[in-house]
Amino acid sequence: SEDELKYRPLFHFTPKNNWMNDPNGMFYLNGKYHLYFQHYPDDNVWGPMHWGHAVSEDLINFEEQPIALYPDEIGLIFSGSAVVDYNNTSGFGTEGKAPVVAIYTYHNMEGEKRGDIDFQTQGIAYSLDEGMTWTKYSENPVIKNPGIKDFRDPKVFWDNENSKWIMSLAAGNKIMFYSSVNLKEWKFESEFGEEKGEHGGVWECPDLFPLKVKDSEEYKWALLVSINPSGPNGGSATQYFIGDFDGHEFTIDDKFSEQLDENKAVWLDYGRDNYAGVTWSNIPDTDGRKLFIGWMSNWDYARDVPTYKWRSTMTVPRELNLVKKNNQYLLKSIPVKELNDFKSKTIEKDSIEPGELSNFFETAEIDFNRLNLEFNLKHLKENEYQIIFNNRNGDSLIIGLNNNSKTIYLDRTKSGKVDFSEKFAPNISRVKLSDMINDAKFQILLDKTSVELFVNDGEIVMTELFFPNNPLDQISIISDDSDFIIKNLVISELNF
Ligand code: FRU
């Protein structure tokens, strides 16, 4: 249909039909990146959850596969993770075949309707054909509910130092850690979080993993925790904690604790549409990256966005890096480098006058629905700078840097269709800066209905949806300050 052509993204994953939310069970094996997802195959809104499945060889083109996990008599299949069990600790493997094991939440609807509190439990399933088909464990659930209503989203990794599996699990407004030697029997280890971070909503979809601090020999652990509502700009968002993990307990780093005292919470993405994101397991050591994908929506309006036949999109896959800057830890995200392989019509210009920019784009005939745009803004003063994408119908999307109020913002309030939900664009989304910016690098990805902004190689990230009445096809960069310059401009159309 017309709407489908208008809004179906070109380089972000969407299911062919019907509803999708969180990414689930991502693992890499033999050249393939697997992505499962919360899926209701019978309608375009949330409903009884299945795990949909998609596979990619390049992290950009994902091909949808048959449904991986269906609800059963224990319950619906909520979010979770998957691991490759090389040592066959689970015993599910056969004849030298390592099983892939999925660990997920069962949500029992009858129990919920009865008003029970123990209707969420954890189950497992295994695959002997690299994630294509799955068998559920006959003795599910493997973790019963201890009397906590929100008890879900197990994310498991192999702890090499302590030779055991570790699970992080969201439990109300904290994270619980469990360990296991066989993925079937789980032992409670510790819990984290009640006094720290943002607590205005339910904690969901944790992910704990080690990272080397860039340009140092230091290792730290990052714990991602999604929360809904009470994100920095409303609704759903993902906060993170930096600290240490000793095989039993996660403790916040002292420096990071000071950062939390200043800001209450630190966010992976300050836009409104990056939720429930977690990382791929089993990325080879020779690669060594931490690869992340998020659900590009927000529970505030996910069910109402004006797409038909399908609903929801994933973010572009991102690489996460931990840096220490001005004595503060920062978890940066940038688009995976695989995206570079799809750049065509790339035009580079060492420097360009702001006024020349739109002409330059026009002659280059760049399609704004598949755009990768990089540039530096230099010699900035205490002024406001705006990057405006718009069209002749008056739809506009504005990325702003205001050195007076010391904010970076994303304004979709006039970006086209916004009135499908009161919660979609009541405000401009903002990030507070610690200092004014004199010089900054911008990377912007535009697809038909999404903008992903990465400032200074992902130190500040904002991801948001928008639904223009007509495609955006004009750009300008403006300011009252007439002396700033645009350097190192790289414009590419992304073609697949
Ligand atoms: C997060 C979430 C998870 C849950 C799933 C249900 O968006 O609420 O906590 O497992 O969605 O679809």
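Residues numbered from 1 in each chain as written. Predicted model: local features only at pLDDT ≥ 70, side-chain atom pairs only at ≥ 80, totals over all residues. Heavy atoms only, no water.

The name an unreviewed UniProt entry gives the chain is Glycoside hydrolase family 32 protein, with Winogradskyella vincentii as the organism. Check the Sequence similarities (unreviewed entry) section of the UniProt entry for the chain; it says "Belongs to the glycosyl hydrolase 32 family." (UniProt positions renumbered as here; feature names shortened; annotations may be inferred.)

Time to look at the nonpolar core. Counting residues in each nonpolar core, the largest one holds 76 residues, and the members touching the most others are F241, F250, L373, F375, F389 and I444. If one sorts the elements of this core by residue count, strand β14 (residues 219-228) sits on top with six residues. Setting aside chain neighbours within four positions, we find F389 in contact with F368, L371, L373, D395, S396, L397, I399, I444, L446, L472, Q474 and I475. (Core = buried A, V, L, I, M, F, W, Y, C linked by side-chain atoms within 4.5 Å. Buried < 20%, exposed > 50% of the residue type's maximum accessible area, 1.4 Å probe, protein only. Helix = DSSP H or I, 4+ residues; strand = E, 2+ residues; numbered from the N terminus. Contact = heavy atoms within 4.5 Å.)

Time to look at helix α4 (residues 357-364). Those residues of α4 not exposed but buried are L357, F360, F361 and A364. The buried residues of α4 occupy an angular sector of 95° when the element is viewed end-on, so they sit on one face. Turned more than 90 degrees off the buried face of α4, the exposed positions are N359, E362 and T363. Tucked into the core, α4 has its buried residues touching β22 (343-352), β23 (371-378), β31 (474-479) and β32 (485-494). Where α4 terminates, the next one or two residues include E365, which has phi positive at roughly 50°. (Arc of directions from axis to C-beta.)

Turning our attention to the sheet that holds strand β4 (residues 62-69). Paired through their backbone hydrogen bonds, the strands of a sheet run either parallel or antiparallel. What the five strands build is an open sheet, ordered β4-β3-β2-β1-β19; its pairing is mixed. Both outer strands of the open sheet, β4 and β19 (310-311), are each paired with one neighbouring strand and no more. Two strands pair when backbone bridges link them, and strand β1 (residues 18-29) and β19 are joined in this way by two bridges, in the parallel orientation. Bridged to W19 within β19 is R311. (Pairing = 2+ DSSP bridges.)

Across the sheet, which stays open at both edges, the four strands sit in the order β17-β18-β20-β21 with antiparallel pairing between neighbours. Edge positions in the sheet fall to β17 (275-279) and β21 (328-335), since each has one partner strand and no second. Going across the sheet, the axis of each strand differs from the next one's by a mean of 40°, ignoring polarity. Relative to strand β20 (residues 318-325), strand β18 (residues 290-295) is paired through three bridges, and the arrangement is antiparallel. Bridge pairing links K290 to L320 in β20. (Axes fitted to C-alpha atoms, helices over the stretch in contact; angles between N-to-C directions.)

The next subject is empty space enclosed by the protein. Considering all chains together, one arrives at four cavities of 30 Å³ or more under this definition. In this structure, the largest cavity spans a volume of roughly 70 Å³. Of the residues contributing to the lining of the largest cavity, the split by class is six nonpolar, five polar and no charged. Approximately 50 Å³ is the volume attributed to the second largest cavity. Around the second largest cavity, the lining residues are P23, N24, S79, G80, D153, P154, K155, C205, P206, A276 and V278. Secondary-structure elements contributing two or more residues to the lining of the second largest cavity are β1, β5 (76-84), β9 (151-159), β13 (202-212) and β17. A total of three residues in the lining of the second largest cavity trace back to one element, the largest contributor, which is β9. (1 Å grid on protein atoms, 1.4 Å probe; cavity = no way out; pocket = protein on both sides within 12 Å on 5 of 7 lines; lining within 4 Å. Points joined across faces, edges and corners; volume = space filled by probe spheres on them. Nonpolar A, V, L, I, M, F, W, Y, C, P; charged D, E, K, R; others polar.)

Here we come to the UniProt feature "domain: Glycosyl hydrolase family 32 N-terminal" (unreviewed entry) in the chain. The residues that UniProt annotates with the feature "domain: Glycosyl hydrolase family 32 N-terminal" (unreviewed entry) are residues 12-330. Structurally, residues 12-330 comprises 5% helix and 47% strand, and the distance from its first C-alpha atom to its last is 26 Å.

What follows is about the UniProt feature "domain: Glycosyl hydrolase family 32 C-terminal" (unreviewed entry) in the chain. When the UniProt feature table is mapped onto this chain numbering, "domain: Glycosyl hydrolase family 32 C-terminal" (unreviewed entry) sits at residues 361-491. For residues 361-491, helix accounts for 3% and strand for 48%, while the C-alpha atoms at its two ends are 8 Å apart.

Next up on the list: the packing of aromatic side chains. Evaluated as defined, the whole model comprises 37 aromatic pairs. Measuring from centroid to centroid gives 5.4 Å for F361 and F368, while their planes differ by 50°, and the two rings are tilted. When its relative accessible area of 5% is taken as the criterion, F368 is described as buried. Geometrically, the ring pair formed by F420 and F424 is tilted, given 4.7 Å between the ring centres and 50° between the ring planes. By relative accessible area, which is 22% here, F420 ends up partly exposed. Joined through ring pairs, the aromatic side chains of F27, Y36, W51, Y104, Y106 and W134 make up one cluster. A cation over a ring is seen here: R412 above F424, with NZ or CZ 3.8 Å from the ring centre. (Phe/Tyr/Trp six-rings, centres within 6.5 Å; stacked < 30°, edge-to-face > 60°. Lys NZ or Arg CZ within 6 Å of the ring centre and 35° of its normal.)

One number sums up the size of the largest pocket: a volume of about 1,300 Å³. In terms of lining, the largest pocket is formed by 43 residues, of which the most central are W158, P210, I283, D285 and K290. When contributions to the lining of the largest pocket are tallied by element, the ones reaching two or more residues are β5, β9, β13, β14 and β20. If you tally residues by element for the lining of the largest pocket, the top one is β13, at six residues.

Take the pairing of β1 next. Extensive coverage of β1 is indicated by the burial of twelve of its twelve residues. Bridge count between β1 and strand β2 (residues 32-40): seven bridges; the pairing is antiparallel. Directly across from W19, in β2, lies its bridge partner Y40. Here β1 folds back onto β2, and the loop between the two strands holds two residues, one of which, N30, carries a positive phi near 45°.

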